[in-house]
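# Residue-level structural notes
Okay, here's what each chain looks like letter by letter:
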Amino acid sequence: MFLSIIIATYNRLASLDLLLSSIAAHFVPSIVDHEIIVANNAREPGVAIRIDELVQKFQRDCGTRFRLVREPKAGKCRAQYAAIGVARGEILAFFDDDIVVTPSWL
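The structure contained in this document is the topic of the report that follows.

About the criteria used
Residues numbered from 1 in each chain as written. Predicted model: local features only at pLDDT ≥ 70, side-chain atom pairs only at ≥ 80, totals over all residues. Heavy atoms only, no water. Helix = DSSP H or I, 4+ residues; strand = E, 2+ residues; numbered from the N terminus. Contact = heavy atoms within 4.5 Å. Core = buried A, V, L, I, M, F, W, Y, C linked by side-chain atoms within 4.5 Å. Buried < 20%, exposed > 50% of the residue type's maximum accessible area, 1.4 Å probe, protein only. Lys, Arg positive; Asp, Glu negative; His and termini not counted. Salt bridge = Lys/Arg side-chain N within 4 Å of Asp/Glu carboxyl O. Polar contact = N/O pair within 3.5 Å; in protein donor to acceptor, adjacent residues only side chain to side chain. Phe/Tyr/Trp six-rings, centres within 6.5 Å; stacked < 30°, edge-to-face > 60°. Lys NZ or Arg CZ within 6 Å of the ring centre and 35° of its normal. Arc of directions from axis to C-beta.

Tracing the backbone shows Leu20 in helix α1 (residues 13-26). Placed 13 residues apart in sequence, Leu20 and Ile7 show a C-alpha to C-alpha distance of 9.6 Å. The residues touching Leu20, leaving out its near neighbours within four places in the chain, are Ile7, Ile36, Val38, Leu54, Val55, Phe58 and Phe66.

This brings us to the nonpolar core. In terms of nonpolar packing, the biggest core is built from 23 residues, with Ile5, Ile7, Leu20, Ile23 and Phe95 touching the most fellow members. Mapped by element, the contributors of at least two residues to this core are β1 (2-9), α1, β2 (33-40), α2 (45-62) and β4 (91-95). Of all the elements, α2 adds the most residues to this core, at six residues. Once residues within four sequence positions are removed from consideration, Ile5 is found in contact with Ile23, Phe27, His34, Glu35, Ile36, Ile37, Ala93 and Phe95. Formed by eight residues, the second largest nonpolar core is a distinct cluster that contains Val69, Ala79, Ala82 and Ala83.

Let us now look at the side chain of Glu71. Position of Glu71 among the secondary structure elements: in the loop between β3 (66-70) and α3 (76-86). The charged side chain of Glu71 is buried without a salt bridge, its nearest counter-charge being Lys73 at 5.6 Å. One polar contact links the side chain of Glu71 to the main-chain amide nitrogen of Lys73, over a distance of 3.0 Å. The residues contacting Glu71, other than those within four sequence positions of it, are Asn40, Asn41, Arg78, Ala79 and Ala82.

Close approach of charged atoms allows side chains with opposite charge to pair. Scanning the model with the defined rule gives five salt bridges in all. For the salt bridge of Asp98 with Arg12, the shortest nitrogen-to-oxygen distance reads 3.3 Å. Within this pair, whereas Asp98 is found in the segment after β4, its partner Arg12 is found in the loop between β1 and α1, the two being separated by 86 residues in sequence. Classification of Arg12 as partly exposed rests on a relative accessible area of 40%.

In total, this model carries one aromatic pair according to the counting rule given. The ring centre of Phe58 lies 4.5 Å from the NZ or CZ of Lys57, which sits over that ring.

Let's shift gears to α3. Along α3, the residues classified as buried are Ala79, Gln80, Ala82 and Ala83. The arc enclosing the buried residues of α3, seen along the axis, measures out at 155°, which places them on a common side. Exposed and oriented more than 90 degrees from the buried face of α3 are Cys77, Tyr81 and Gly85. Where the residues of α3 are buried, they touch β1, β2, β3 and β4.

Note that Tyr81 resides in helix α3. On the basis of relative accessibility, which here comes to 64%, the residue Tyr81 falls in the exposed class. Along the primary structure Tyr81 and Ala39 are separated by 42 residues, whereas in three dimensions their C-alpha atoms are 8.9 Å apart.

See below:
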């Protein structure tokens, strides 16, 4: 089984960092094969760049299971759809960018 975790994000850099940190802490060493796709839906170029840099930090620290897709058109559903288009998982899980996951979720 391969799981794709899809996170559409707009302007919540601090909460996205907390979410990705919790995923890295609890899921990366998991026996379940998975990927994390962040769909960057920021409209302001500066915010979009900071989101990209945050995801790139997790890519450096945790490997290629952290992925990034850019969707400049407004809308959470558009961002999620862009992520679905590149997802490799048999199962898709959709997370909001303002949550923190617990160790036993996965």
